[in-house]
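The residues making up each chain are set out below.
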Amino acid sequence: MSAWDRTADIAGAVLLFLGCLQCLLGVLGMLLLPDVLARSHSATKPQTLGLLLVVVGVALRQRNGIDNGTLALVVFFQFLTAPVASHLVARSAYRTRQLAAHNLIRDDLDPQLSPEDGDEGGDPGAKGDARTP
């Protein structure tokens, strides 16, 4: 075993450990954070970074082109789907009022979802008002 192989194995092991630690921190955040938006953030950001570290660690240990191509596809689809899923969960929580609106610093969705043309009745079935009163 050459010095390069030994160094790549050690770097891969360190990256695997750091990736697993990052994923563990993301899980703890999902369990301990108070609201949907914070949990959604914790489910997406640390998990994606943790997966990237794990995949790079595995790629350093495997050193095989076909396996690394498969790992690259895993990372690509994770980066493609995780933010979209997190956004949909957060938007669904907002529309169903599952979050504390007073904790929001800036609410860009309120003008978009408010009743149109002076309809102040607050009817949940009214056009333009998808939130329940």
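In what follows, the structure referred to is the one given above.
Residues numbered from 1 in each chain as written. Predicted model: local features only at pLDDT ≥ 70, side-chain atom pairs only at ≥ 80, totals over all residues. Heavy atoms only, no water.

Chemist: I keep staring at the overall build of the protein chain and nothing clicks. Help me out?
Modeler: When helices and strands are tallied, the protein chain shows four helices and zero strands. Across the 133 residues of the protein chain, 22% fall into the buried class. Of the contacts made within the protein chain by residues no fewer than 6 positions apart, 53% connect residues no fewer than 24 positions apart. Accessible area for the protein chain stands at about 9000 Å²; split by element, carbon and sulfur atoms hold 65% of it. (Helix = DSSP H or I, 4+ residues; strand = E, 2+ residues; numbered from the N terminus. Buried < 20%, exposed > 50% of the residue type's maximum accessible area, 1.4 Å probe, protein only. Contact = heavy atoms within 4.5 Å. Areas by Shrake-Rupley, 256 points an atom, 1.4 Å probe, with all protein chains shown as cover.)

Chemist: Mind showing me how you'd approach helix α3 (residues 65–95) here?
Modeler: Structurally, the α-helix is built with 3.6 residues per turn, so residues lying three or four positions apart point the same way. With 31 residues, α3 should reach 45 Å at 1.5 Å per residue; the first-to-last C-alpha distance of 45 Å fits that figure. Turning to α3, its buried residues are L71, V75, A82, S86, A90, A93 and Y94. Immediately beyond the C-terminal end of α3, within one or two residues, lies R97, with a positive phi of roughly 55°. (Expected span 1.5 Å × (residues − 1).)

Chemist: Explain the packing of helix α1 (residues 3–32) against helix α2 (residues 36–62) here, please?
Modeler: Packed helix pairs are specified by the crossing angle of their axes together with the interaxial distance, meaning the distance between the axes. Two elements in contact, α1 and α2, have axes whose closest approach is 7 Å; the angle formed by their N-to-C orientations is 165°. Overall, the two elements α1 and α2 adopt an arrangement that is roughly antiparallel. Regarding α1 and α2, the two cross each other, and that crossing is left-handed. A per-class count over the contact of α1 with α2 returns 21 nonpolar, nine polar and three charged. (Axes fitted to C-alpha atoms, helices over the stretch in contact; angles between N-to-C directions. Parallel < 35°, antiparallel > 145°, perpendicular 65-115°, else oblique. Left-handed = near helix turned anticlockwise from the far one by under 90°. Nonpolar A, V, L, I, M, F, W, Y, C, P; charged D, E, K, R; others polar.)

Chemist: Would you explain α2 in this entry?
Modeler: Given a rise of 1.5 Å per residue, 27 residues ought to cover 39 Å, and the 38 Å separating the end C-alpha atoms of α2 matches this to within 8%. Buried residues of α2: S40, S42, T44, P46, Q47, T48, G50, V55 and G57, and no others. For α2, the secondary structure elements touched by its buried residues are α1 and α3. At the C-terminal side of α2, R63 shows a positive phi close to 55°.

In short, the description is geometric, and any link to function would need to be established separately.
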